[in-house]
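# Observations on the model geometry
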Amino acid sequence: MDIAALLENVEKIVNPVVESLGLELIEREFILDQGRWILRLYIDREGKGVTIDDCETVSRALEPVLDVEDIIPQKYFLEVSSPGIDRPLRRPKDFERFAGSFVKLDTNEKLGDRHHFSGILKGLRNNQIVLQEGEQEWQIPFESLKKAKIRSEELWQQKQKRK
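Here is a short report on the structure shown in this document.

Here is what the cut-offs are and how they apply
The written sequence of each chain sets the order in which its residues are numbered from 1. Only residues with pLDDT of at least 70 are given local features in this predicted model, and only at 80 or more are side-chain atom pairs given and counted; all residues enter the totals for whole chains, interfaces and linings. To obtain the side-chain values, all non-hydrogen atoms of the structure were included, while hydrogens and water were left out. Pairing between strands is defined by DSSP: at least two bridges between the two strands are required. Elements are defined by DSSP. Helices are runs of H or I of four residues or more, strands are runs of E of two residues or more, and each kind is numbered from the N terminus. Comment: axis = line fitted to C-alpha atoms, over the contacting stretch for helices; angle = value between 0 and 180 degrees taken between N-to-C directions. For our purposes a nonpolar core is just a set of buried Ala, Val, Leu, Ile, Met, Phe, Trp, Tyr and Cys residues, chained together by side-chain atoms within 4.5 Å. Three labels apply to residues, based on accessible area from a 1.4 Å probe with only protein chains included: buried if under 20% of the type maximum, exposed if over 50%, partly exposed otherwise in between. The contact rule is simple, with two residues in contact once any of their heavy atoms fall within 4.5 Å.

### Details of the sheet that holds strand β7 (residues 136-141)
Read from one edge of the open sheet, 5 strands run β7-β6-β5-β4-β8, paired in antiparallel fashion. In this open sheet, the two strands that pair with only one neighbour each are β7 and β8 (145-150). Direction aside, neighbouring strands of the sheet carry axes that sit 40 degrees apart on average.

As C-alpha cells, then:
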C-alpha cells in the first residue's frame, strides 16, 4: 500500500469538509498502532484553536464522506485531534506563521552530515526553511523536509543544557 498516495487522496476528500466547518487540516497520518490502523487528522483554527467539540463535529462530518469514497482498503479507526504542543509544520505558511518558535526538523537527505536539526525557526526565505541552531544558521530546502514539529521552549532549553 502506498501510504503517501493514500494520504494525498484523504487530504483531497477531507479538506473541503474541514474548511466548510471553519477549520483547517494541519496534518494527516495513517499508521498501524498496536495491531490496528488509525487515520489521524490534526485540525486547527487560526487565532482561536480547537475544542473537543470541534474534533467531534469534524469526525461526525467526515465518517460518512470517507465511507462513501471508500479509498481506505482495510478497517481503520478515525481520530481527529488538535495539533497540540508538538504541532506539526508541513505547509510553507506554517513556517512563516510560527517564525520565532523552537522546532525540531528532519530532512529526507543529508545537509552537511545530518538529517536532524533543532533550533529557532526564522521563517521561510526563497523556499528555504531558515533555522537558527546556536551560532549556525541553516537554510534547508523546503523540498528536503521530511517532518517538522514545534517543540516546547522548556524541552528545547533542557536539550541545550545537556550539550
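### Some words on the nonpolar core
Membership of the largest hydrophobic core comes to 22 residues, with the highest contact counts inside it found for V14, L39, L41, I43, L62, L66 and L78. Sorting the residues of this core by element identifies α1 (3-20), β1 (24-33), β2 (36-44), α2 (52-69) and β3 (77-81) as the ones contributing at least two each. Broken down by element, this core gets its largest block of residues, 7 residues, from α1. Residues within four places of L78 in sequence aside, it is in contact with L39, L41, S59, L62, E63 and L66. F95, I140, L145 and I150 belong to the second largest nonpolar core, which has 16 residues in total.

### Observations regarding the pairing of β1
One ladder, built from 9 bridges, connects β1 with β2; its direction is antiparallel. Counterpart to L25 in the pairing with β2 is I43. The antiparallel pairing of β1 with β2 creates a hairpin that spans 2 residues between the two strands, and Q34 there sits at a positive phi of about 50 degrees.

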